[in-house]
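Structural description and commentary
Listed below, chain by chain, are the residues.
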Amino acid sequence: MLVIVGYLVVLGSIFGGYALMGGHFGALYQPLELLMIGGSAIGAFIVGNDGHAISATLKTLPKLIKSSKKRDKALYMELLALLYVLLAKGRKDGMLALESDIDDPQNSPIFALYPVLLADLPVMEFLTDYLRLVVSGNTDPFEIDQLMEQEIDTYKHEAEAPGHSLAKVGDALPALGIVAAVLGVVHALASADLPPSVMGTLIAHAMVGTFLGVLLAYGFVSPLASLIEHKVHEALKVYQCIRVTLLASLNGYAPQLAVEFGRKVLRSTERPSFTELDLHVRDVKNR
């Protein structure tokens with residue numbers, strides 16, 4: 001919803017100011033220039049991306065308009081509590097005791113207590129895959145760390161592909177607007193025998209191309225690319241939290257200290273305090 005609100009603010013500011021200065025909105029209605037700019041931008045987008053990037057961008061755009069549930073402090077506290085329960089069980093009964101839980105988390109009594117996390121399939125796959133490696137034994141913490149870092153990096157590059165694609169389109173739009181404006185000027189100059197008033201109208205219409213290119217670039221497309229980047233960074237935090245917690249456990253730290261390592265990598269706005277997490281973990285012990 002913030003995307004829609006932001007767009008309304010952009011349009012209200014631009015066209016509201018134009019109206020207050022006494023501008024004529026009819027002069028801005030140039031569908032052919034919009035066709036040239038929009039069509040060439042779409043064509044450049046298709047040329048500059050492969051099928052995977054195009055498909056990912058088309059799937060991402062509707063999600064940006066919808067209000068998605070943010071990963072807040074409560075969710076991270078549940079994640080850290082889940083990690084604590086799993087690591088505590090593994091420390092008490094042996095890591096092999098987790099095998100049935102991680103092989104079928106949907107029917108696990110442990111995972112059933114955390115339905116929101118259980119519904120997040122990519123996060124569950126990441127967690128159970130690395131727990132499975134830990135359960136298998138003979139795991140070197142350094143190698144596990146490298147593998148997790150590479151997987152997170154791969155996820156980051158894939159998730160950022162739509163943002164990079166939109167950013168390039170945004171960078172190109174002002175130039176495409178100039179192209180449309182130049183063609184409009186060429187059309188005006190080719191009609192030099194017309195009266196000055198008509199020539200002035202044609203040149204004014206031509207300049208709308210530059211206006212549209214810049215407006216679409218910096219008011220609409222580039223902000224979407226920036227929003228995707230922010231969402232990717234936010235999504236990565238849950239994987240980093242799991243990574244750091246598991247590594248702390250592999251290096252011999254007790255479950256309660258391991259989740260403290262995971263807490264430290266969270267952003268300050270979502271990070272629970274030491275006391276909050278400690279009380280939550282104690283509550284989990286009593287469930």
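Computed from a prediction, not measured in an experiment: that's the story for all the values here.

This part is about the environment of Pro-105. If you trace the backbone, Pro-105 turns up in the loop between helix H5 (99-103) and helix H6 (115-119). Using a relative accessible area of 14% as the deciding quantity, one classes Pro-105 as buried. A sequence separation of 117 residues divides Pro-105 from Ser-222, and the C-alpha atoms of the two residues are 40 Å apart. Residue contacts for Pro-105: discarding those within four places in its chain leaves Phe-111, Leu-118 and Thr-128.

Helices that pack against each other are described as a pair by the angle of their axes relative to one another and the distance between those axes. At their nearest, the axes of helix H9 (residues 196-250) and helix H10 (residues 255-264) sit 8 Å apart, and the two run at 150 degrees to each other. When the interaxial angle is binned, H9 and H10 end up roughly antiparallel. Two packed elements cross with a definite hand, and for H9 against H10 that hand is right-handed. For the pair H9 and H10, contact is made by Cys-241, Val-244, Thr-245, Ala-248 and Ser-249 and by Ala-258, Val-259, Phe-261 and Gly-262, respectively. Of the residues that constitute the contact of H9 with H10, the class distribution is six nonpolar, three polar and no charged.

Ranked by internal contacts, the top residues of the largest apolar core, which has 64 residues, are Leu-79, Leu-82, Leu-86, Met-124, Leu-127 and Ile-242. When residues of this core are assigned to their parent elements, the largest contribution, 18 residues, is made by H9. Aside from chain neighbours lying at most four places away, what touches Met-124 is Leu-82, Phe-111, Leu-117 and Leu-118.

We now examine the confidence of the model for the protein chain. Do not read the predicted coordinates in detail wherever pLDDT is low. On average, residues of the protein chain score 90 in pLDDT, and 98% of them reach the 70 mark or higher. Mean pLDDT per element in the protein chain: helix H11 (residues 274-285) is the minimum at 83, and helix H2 (residues 31-47) is the maximum at 94.

This structure, assessed with the given rule, holds eight aromatic pairs. Arranged with centres 6.3 Å apart and planes meeting at 80 degrees, the rings of Phe-15 and Phe-211 form a pair that is edge-to-face. Placement of Phe-15 in helix H1 (residues 2-20) and of Phe-211 in helix H9 is noted, with a sequence separation of 196 residues between them. With a relative accessible area of 26%, Phe-15 lands in the partly exposed category. The interplanar angle of 55 degrees and the centroid separation of 4.9 Å between the aromatic rings of Phe-126 and Tyr-130 together place this pair among those described as tilted. Separated by four residues within a single helix, Phe-126 and Tyr-130 lie in helix H7 (residues 121-136), roughly one turn from each other. The pair Phe-126 / Tyr-130 is uniform in exposure class, with both members buried. In textbook terms, an aromatic cluster arises when at least three aromatic residues are bridged by ring pairs, as seen for Phe-15, Tyr-18, Phe-25 and Phe-211.

Attention shifts here to the pattern of salt bridges. Pairs can form between side chains of opposite charge once their charged atoms are near each other. Taken as a whole and assessed by the stated rule, the structure comprises 10 salt bridges. Residue Asp-103 is joined to Arg-132 by a salt bridge in which the shortest nitrogen-to-oxygen separation is 3.3 Å. Of this pair, Asp-103 sits in helix H5 while Arg-132 sits in helix H7, placing them 29 residues apart in sequence. The closest approach of N and O atoms between Arg-243 and Glu-149, which form a salt bridge, is 3.9 Å. Residue Arg-243 is found in helix H9, and its partner Glu-149 is found in helix H8 (residues 141-189); the two are separated by 94 residues along the sequence. Judged by its relative accessible area of 15%, Arg-243 is buried. The network of salt bridges with shared partners includes Asp-103, Asp-129 and Arg-132.

Our next topic: a nonpolar patch on the surface. On the surface, Met-1, Ile-4, Leu-8 and Ile-65 cluster together into a nonpolar patch covering about 370 Å² of accessible area. Along the chain, the position of Leu-8 falls in helix H1.

Position of Thr-57 among the secondary structure elements: in helix H3 (residues 51-65). The contacts of Thr-57, once residues within four sequence positions are left out, are Phe-45, Pro-162, Ser-165 and Leu-166.

About the cut-offs
Residues numbered from 1 in each chain as written. Predicted model: local features only at pLDDT ≥ 70, side-chain atom pairs only at ≥ 80, totals over all residues. Heavy atoms only, no water. Helix = DSSP H or I, 4+ residues; strand = E, 2+ residues; numbered from the N terminus. Buried < 20%, exposed > 50% of the residue type's maximum accessible area, 1.4 Å probe, protein only. Contact = heavy atoms within 4.5 Å. Axes fitted to C-alpha atoms, helices over the stretch in contact; angles between N-to-C directions. Parallel < 35°, antiparallel > 145°, perpendicular 65-115°, else oblique. Left-handed = near helix turned anticlockwise from the far one by under 90°. Nonpolar A, V, L, I, M, F, W, Y, C, P; charged D, E, K, R; others polar. Core = buried A, V, L, I, M, F, W, Y, C linked by side-chain atoms within 4.5 Å. pLDDT = per-residue confidence, 0-100. Phe/Tyr/Trp six-rings, centres within 6.5 Å; stacked < 30°, edge-to-face > 60°. Salt bridge = Lys/Arg side-chain N within 4 Å of Asp/Glu carboxyl O. Patch = residues over 30% accessible without salt bridge, like charges linked within 9 Å, V, L, I, M, F, W, Y side chains within 5 Å. Areas by Shrake-Rupley, 256 points an atom, 1.4 Å probe, with all protein chains shown as cover.

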